[in-house]
Amino acid sequence: MTAPRRSRLLGTGHYLPARVLSNSDLERMVDTSDAWIVERTGIRERRIAAEGECSSDMAAEAARRALESAGLKPADIDLLLVGTISADHPMPSCAALVQKKLGMRNVLCVDLSAACAGWLYGLEIADQYVRTGKARRVLVVGVELLSRVLDWTDRVTCVLFGDGAGAAVLGPQEEGETGALLGTHCFLDGGLAGALCIPAGGSARPASHATVDAREHYVKMQGQEIFKSAVKNLASSCKVALEEAKLTAAEVDWVVPHQANLRILQGVSDRVGVPMARFYINLDRVGNTSSASVPIALDEASRAGLLKPGQVVLCCALGAGIAWGSALFRWG
Ligand code: ACO
């Protein structure tokens, strides 16, 4: 059997928990205001997982919806990749629990730790498996339950994030099919690893009373460093994707980006040359869901009928690491 030339998306799905946490709710929790959050980020509300709800529950639900839209069953999947930094446990992997909850076959299932770029990293790996013929149907999930690792007394971080999961199934492009993954480009600069991190709870600083008292098990962030890195690197990864595919910014129908901050996306729009009107935005409703961000947005835009066969769709994401990347699709 000759390996397929390209892979393509066979289906997408997402899951958002029911509970809405608005900016005015946050005004009652920390010293912030709806006006500040909207002006600085564009976020108005986010979703928060219910008590007892875990990352693997949300991931499994998003995966079920992606499988349904692809017309496939869990037994059809021969590789599961889960992008997450908020798995149910340090071990086993979130992928192990998702496999169990879906009733999947005994195949390679693994977590990828690339924070907000986790789903894009998964997509790049999935693409290689499909193109070489090593896997035929790959399920790529991004899930994040950051509300449990946020410091709800730190107004700099707690206003930014939300919980959720997104998923996609990748398979081979068959003869005559329009849809294709045209390319992925993933990068990482470990020099900025400290700019966004959870300092304690790992092997460098194991959990202790002292680390808990110092609130070191929560997300810590140097917001302006991340902001500058995001504008620069998201834009450059979009440009590299277009250059390699020999496409221009004018030929991009949709940018479906990581939903961190409207001002970051405005900077990316200016640098790449695709107007904001062609950016799909849902951060006002869901906030930053990290690795789930791009697949949630992609599924929403797809189900809303915005992404038409033959259109050029550009995705990009950046997060802790600093890890970032882009993916370019011909929709279909
Ligand atoms: N409410 C009210 N005031 C606040 C809040 C808040 N939630 N957070 C910070 N402030 C205050 C600061 O304390 C500061 O006060 P001061 O002037 O008295 O010291 C003032 O607002 C300005 O703070 P800055 O940090 O300069 O504000 P900035 O314009 O940089 O916006 C923000 C902060 C929104 C965090 C921005 O830096 C940002 O978005 N960075 C990117 C971070 C990000 O998106 N991280 C997500 C993970 S990575 C990713 O997904 C790309």
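Conventions and cut-offs
Residues numbered from 1 in each chain as written. Predicted model: local features only at pLDDT ≥ 70, side-chain atom pairs only at ≥ 80, totals over all residues. Heavy atoms only, no water. Near = heavy atom within 4 Å. Polar contact = N/O pair within 3.5 Å; in protein donor to acceptor, adjacent residues only side chain to side chain. Areas by Shrake-Rupley, 256 points an atom, 1.4 Å probe, with all protein chains shown as cover. 1 Å grid on protein atoms, 1.4 Å probe; cavity = no way out; pocket = protein on both sides within 12 Å on 5 of 7 lines; lining within 4 Å. Sits in = over half its atoms within 2 Å of the grid points. Helix = DSSP H or I, 4+ residues; strand = E, 2+ residues; numbered from the N terminus. Nonpolar A, V, L, I, M, F, W, Y, C, P; charged D, E, K, R; others polar. Axes fitted to C-alpha atoms, helices over the stretch in contact; angles between N-to-C directions. Parallel < 35°, antiparallel > 145°, perpendicular 65-115°, else oblique. Left-handed = near helix turned anticlockwise from the far one by under 90°. Contact = heavy atoms within 4.5 Å. Phe/Tyr/Trp six-rings, centres within 6.5 Å; stacked < 30°, edge-to-face > 60°. Disulfide = S-S within 2.5 Å. Expected span 1.5 Å × (residues − 1). Points joined across faces, edges and corners; volume = space filled by probe spheres on them. Pairing = 2+ DSSP bridges.

**Concerning the site of the ligand**
Item 1. Residues in close proximity to the ligand total 23 residues, the closest being Thr32, Arg40, Gln224, His258 and Asn261.
Item 2. With respect to the ligand, the side chain of Arg263 contributes an N or O atom lying 3.4 Å from an oxygen atom.
Item 3. About the coverage of the ligand: the protein hides 76% of its 1,000 Å² of free accessible area.
Item 4. Cavity membership is defined here by more than half of the atoms lying within 2 Å of grid points; on that basis the ligand lies in the second largest pocket.
Item 5. Elements supplying a minimum of two residues to the shell around the ligand: helix 2 (34-41), helix 6 (155-158) and helix 8 (223-244).
Item 6. In terms of residue count, helix 8 provides more of the shell around the ligand than any other element does, four residues in total.
Item 7. For the shell around the ligand, the residue count by class is 12 nonpolar, seven polar and four charged.

**Quick look at the packing of helix 8 against helix 9 (residues 262-272)**
Item 1. In the contact formed by helix 8 and helix 9, the axes pass within 9 Å of each other and the chain directions differ by 40°. Accordingly, the angle class assigned to the pair helix 8 and helix 9 is oblique. For the pair helix 8 and helix 9, the crossing hand works out as right-handed. On helix 9, the residues touching Phe227, Ala230, Val231, Lys232, Leu234, Ala235, Cys238, Lys239 and Leu242 of helix 8 are Arg263, Ile264, Gly267, Val268, Arg271 and Val272.
Item 2. In the contact of helix 8 with helix 9, the residues fall into 10 nonpolar, one polar and four charged.

**A look at the packing of aromatic side chains**
Item 1. Evaluated as defined, the whole model comprises two aromatic pairs.
Item 2. Their ring planes at 25° and their centres at 5.7 Å tell us that Phe187 and Trp324 sit as a pair that is stacked. Here the residue Phe187 occupies a position in strand 8 (residues 180-188), and Trp324 occupies one in strand 13 (residues 323-330), the gap between them amounting to 137 residues.
Item 3. Residues Phe329 and Trp331 carry aromatic rings whose centres are separated by 6.0 Å and whose planes lie at 80° to one another, so their mutual orientation is edge-to-face.

**Some thoughts on the state of the cysteines**
Item 1. All told, the structure shown has zero disulfides when counted by the stated rule.
Item 2. Left without a disulfide partner, Cys197 is nearest to the cysteine sulfur of Cys116, which lies 13 Å away.

**So, helix 8**
Item 1. Given a rise of 1.5 Å per residue, 22 residues ought to cover 32 Å, and the 31 Å separating the end C-alpha atoms of helix 8 matches this to within 8%.
Item 2. Buried residues belonging to helix 8 abut strand 8, strand 9 (196-197), strand 10 (220-221), helix 9, strand 12 (312-319) and strand 13.
Item 3. Just downstream of helix 8, Lys246 is the residue with a positive phi angle, here 55°.

**Observations concerning the layout of surface pockets**
Item 1. For the largest pocket, the calculated volume is near 950 Å³.
Item 2. Forming the boundary of the largest pocket are 36 residues, of which Ile85, Ser86, Ala87, Val149 and Ile198 lie nearest the centre.
Item 3. By residue class, the composition of the lining of the largest pocket is 21 nonpolar, 11 polar and four charged.
Item 4. In this structure, the second largest pocket encloses a volume near 610 Å³.
Item 5. Lining the second largest pocket are 29 residues, and of these Leu160, Met221, Gly223, Phe227 and Asn261 lie nearest its centre.
Item 6. Of all the elements in the fold, those that place two or more residues in the lining of the second largest pocket are helix 2, helix 6, helix 8, helix 9 and strand 12.
Item 7. Per-element tally for the lining of the second largest pocket: the top contributor is helix 8, with six residues.
Item 8. Residues of the lining of the second largest pocket, tallied by class, amount to 16 nonpolar, nine polar and four charged.

**Quick word on the packing of helix 3 (residues 55-70) against helix 4 (residues 94-102)**
Item 1. Contact geometry for helix 3 and helix 4: axes closest at 9 Å, N-to-C directions at 55°. Judged on the interaxial angle alone, helix 4 and helix 3 are oblique. Crossing of helix 3 over helix 4 shows right-handed handedness. For the pair formed by helix 3 and helix 4, the contact residues are Ser55, Ser56, Asp57, Ala59, Ala60, Ala63 and Arg64 on the first element and Cys94, Leu97, Val98, Lys101 and Leu102 on the second.

**What about the sheet that holds strand 1 (residues 7-15)?**
Item 1. One open sheet accounts for five strands, arranged 1-7-6-4-5; its pairing is mixed. Strands at the two margins of the open sheet, each flanked by one partner only, are strand 1 and strand 5 (109-112). When the angles between neighbouring strand axes are averaged without regard to direction, this sheet yields 20°.
Item 2. Strand direction decides the pairing type here: strand 6 (residues 138-144) and strand 7 (residues 164-172), joined by seven bridges, are antiparallel. By the bridge assignment for strand 7, Val138 is matched with Leu170.
Item 3. In this fold helix 11 (residues 293-303) packs onto strand 1 and strand 7, with an angle of close to 95° to the strand it touches most, strand 1.

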